[in-house]
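Take a look at the letters that make up each chain.
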Amino acid sequence: MSLTIDRDRLLSEIDALASFSDAEAPAVTRIVFTPTDLRARAWMKARCEDAGLTVRQDAVGNTFARWNGSNPAAPVVGTGSHIDAIPNAGKFDGVVGVLGGLEAVRALRESGFHPTHSIELLIFTSEEPTRFGIGCLGSRLLSASLSPEAARKLTDNDGATLDEVRRRAGFGSELEQVKLHSGYYKAFVELHIEQGPLLERQQVPLGIVTNIAAPASLRVLIEGSGGHAGGVLMPDRSDALCAAAEMILAIEEAARTSGAVDTVATVGICDVFPGAVNSIPSRVRLSVDIRDTDLQRRDRVVQTIETACHSIAMERGLSAKFELLNADAPANCAPAIVEALSQSCRKHNLEFLSMVSRAYHDSLFVARVAPVGMLFIPCRNGYSHRPDEYAAPEDIVRGTLVLAETLAALAQ
Ligand SMILES: [Zn+2]
């Protein structure tokens, strides 16, 4: 089997998909189920059908494009990623895994390869949490990590429910049908840009993921008391923002002293009320993201943070309410898939790095119902989720080639 990746076709498709955007180029904004997203989906579906694949879409819009193997009843070998993009993002996040996946399938078909197991490209719905506040919506439903009842309660910023929005977009069947049975996949492999700087820094062209770190997100609501910035003297204050400042440092400290470099904690949002220069902050809401590859350590850090926040609040005489929004478990990649990816790299004399995925991906959830693997390519400066996100053509082509080789090995 001699595999040829059609570089020009792949790169021009990445550009074409980027043109479906609600932001001006080079920025890409493509929020799930907006008219722009629906046009991008229709374009993707046509690309898949042109490639000879059979497309089906489930109730939440997850899109499966299938190449039947000689044993269609055998478990499927899957690949794919997402095409939704947060506001003002770049054109490679998710897209490299979707269009690279499609190109890998086309390269295999054109090489004359005949799979035993069916190979399926999967485009996940709403990997990004932009519209419904929860990331990996499609893969959570596929893997029963989110129940249909809980999904039905989700609303967007305009108050429209997921059911209303998806039905308007043409996905009207029951959410109960989205879940995949646990024997559905033989393997699932996701190609993705690294979204971090390690490959570029170490000048290694490929990363094979061994574990996917999992996030916990929580909110801390601090309630103090406000007042006039001139009128209330210092001893009489309970300034919610000063308490928040101490809490933010305690959160940083909890991650730094967890005993492992894999623990990270970030306070990404600090909402201050009333937010006036001459008014003592009476209320603050912190949004915190905590990640680790080890579930117990991650949960210990969450616990430490909660205890620290309460004691800071107590010392300062104000209240802190702690709300855990989600606490997902990390995933390990399947050794057989890690090995298949490594073999494919060796076959093409390509160096690779074994690494942890610190961003989470749909594969984190697919891992609950299928053996998964992930392949990373470098992105410039590690930048992602911004308009200057960039992956070099040769890296995209290399990743696609190794993906194709791996899919062949797994599906033969
Ligand atoms: Zn992504």
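Everything numeric in this text was worked out from a predicted model, so none of it was measured.

(A) Quick look at the coordination of the zinc ion. Within the protein, His82 (NE2), Asp93 (OD) and His192 (NE2) serve as the donor atoms for the zinc ion, at 2.0 to 2.3 Å. According to the relative accessible area criterion, His82 is buried, its value standing at 0%. The exposure class assigned to His192 is buried, which follows from its relative accessible area of 1%.

(B) Quick look at the nonpolar core. By size, the foremost hydrophobic cluster in this structure holds 103 residues, and its most contacted members are Leu17, Met44, Leu99, Leu108, Leu137 and Tyr185. Top contributing element to this core by residue count: helix H12 (residues 393–411), with ten residues. Filtering out sequence-adjacent residues up to four positions away, Met44 remains in contact with Leu17, Ile83, Val98, Leu99, Leu102 and Ile123. By size, the runner-up hydrophobic cluster in this structure holds 23 residues, among which are Leu218, Val220, Ala244 and Val301.

(C) Structural detail: the side chain of Ser287. Here Ser287 shows up in strand S13 (residues 283–292). Among the residues examined, Ser287 registers a relative accessible area of 19% and is labelled buried. In contact with Ser287, other than residues within four places in its own chain, are Leu218, Arg219, Thr266, Val267, Gly268 and Ile269.

(D) Up close: the packing of aromatic side chains. All told, the structure shown has eight aromatic pairs when counted by the stated rule. Ring centres of Tyr184 and Tyr185 lie 4.9 Å apart, and the angle between their planes is 85°; this geometry places the pair in the edge-to-face category. Residue Tyr184 shares its accessibility class with Tyr185, and that shared class is buried. With centroids separated by 5.5 Å and ring planes inclined at 70°, the aromatic side chains of Tyr185 and Phe188 adopt a geometry described as edge-to-face. Like Tyr185, the residue Phe188 is buried in the burial classification. A connected cluster of aromatic rings, assembled from ring pairs, spans Phe64, Phe124, Tyr184, Tyr185 and Phe188. The ring of Phe273 is capped by Arg283, whose NZ or CZ atom sits 4.2 Å from the centre of that ring. Sitting above the plane of the Tyr383 ring, Arg386 keeps its charged end 3.4 Å from the centroid.

(E) Fine view of the packing of helix H2 (residues 35–50) against helix H3 (residues 95–111). Look at H2 against H3: their axes get within 10 Å of each other, and the N-to-C directions meet at 15°. Classified by the angle their axes make, H2 and H3 are roughly parallel. Handedness of the H2/H3 crossing: left-handed. Here Trp43, Met44, Arg47 and Cys48 of H2 come into contact with H3, specifically with Val98, Leu99 and Leu102. Of the residues contributing to the contact of H2 with H3, the split by class is six nonpolar, no polar and one charged.

(F) Summary view of the packing of helix H1 (residues 7–18) against H2. As a packed pair, H1 and H2 sit with axes 10 Å apart at the nearest point and diverge in direction by 155°. Relative to H2, the element H1 is oriented roughly antiparallel. Contact with H1, carried on its side by Glu13, Ala16 and Leu17, involves Ala40, Trp43, Met44 and Arg47 of H2 and no other residues of that element. Classifying every residue of the contact of H1 with H2 gives five nonpolar, no polar and two charged.

(G) Structural view of the pairing of strand S9 (residues 214–223). Burial analysis of S9 places seven of its ten residues in the buried class, which makes it a mostly covered element. Bridge analysis of S9 against S13 gives ten bridges, and the strand direction is antiparallel. Looking at S13, one finds that Pro215 is bridged to Arg291. Sheet analysis places S9 next to strand S14 (residues 319–327), joined by eight bridges and oriented antiparallel. By the bridge assignment for S14, Leu221 is matched with Lys321.

(H) Spatial organisation of helix H10 (residues 335–347). The first and last C-alpha atoms of H10 sit 18 Å apart over 13 residues, in line with the 18 Å expected at 1.5 Å per residue. Within H10 the residues assigned to the buried category are Ile337, Val338, Ala340, Leu341, Ser342, Ser344 and Cys345. Buried residues along H10 sit in contact with strand S7 (185–193), strand S8 (206–212), strand S16 (352–357), strand S17 (372–377) and H12.

Cut-offs used in this document
Residues numbered from 1 in each chain as written. Predicted model: local features only at pLDDT ≥ 70, side-chain atom pairs only at ≥ 80, totals over all residues. Heavy atoms only, no water. Donors = N, O, S within 2.8 Å, 3.2 Å for Na, K, Ca; no water. Buried < 20%, exposed > 50% of the residue type's maximum accessible area, 1.4 Å probe, protein only. Core = buried A, V, L, I, M, F, W, Y, C linked by side-chain atoms within 4.5 Å. Helix = DSSP H or I, 4+ residues; strand = E, 2+ residues; numbered from the N terminus. Contact = heavy atoms within 4.5 Å. Phe/Tyr/Trp six-rings, centres within 6.5 Å; stacked < 30°, edge-to-face > 60°. Lys NZ or Arg CZ within 6 Å of the ring centre and 35° of its normal. Axes fitted to C-alpha atoms, helices over the stretch in contact; angles between N-to-C directions. Parallel < 35°, antiparallel > 145°, perpendicular 65-115°, else oblique. Left-handed = near helix turned anticlockwise from the far one by under 90°. Nonpolar A, V, L, I, M, F, W, Y, C, P; charged D, E, K, R; others polar. Pairing = 2+ DSSP bridges. Expected span 1.5 Å × (residues − 1).

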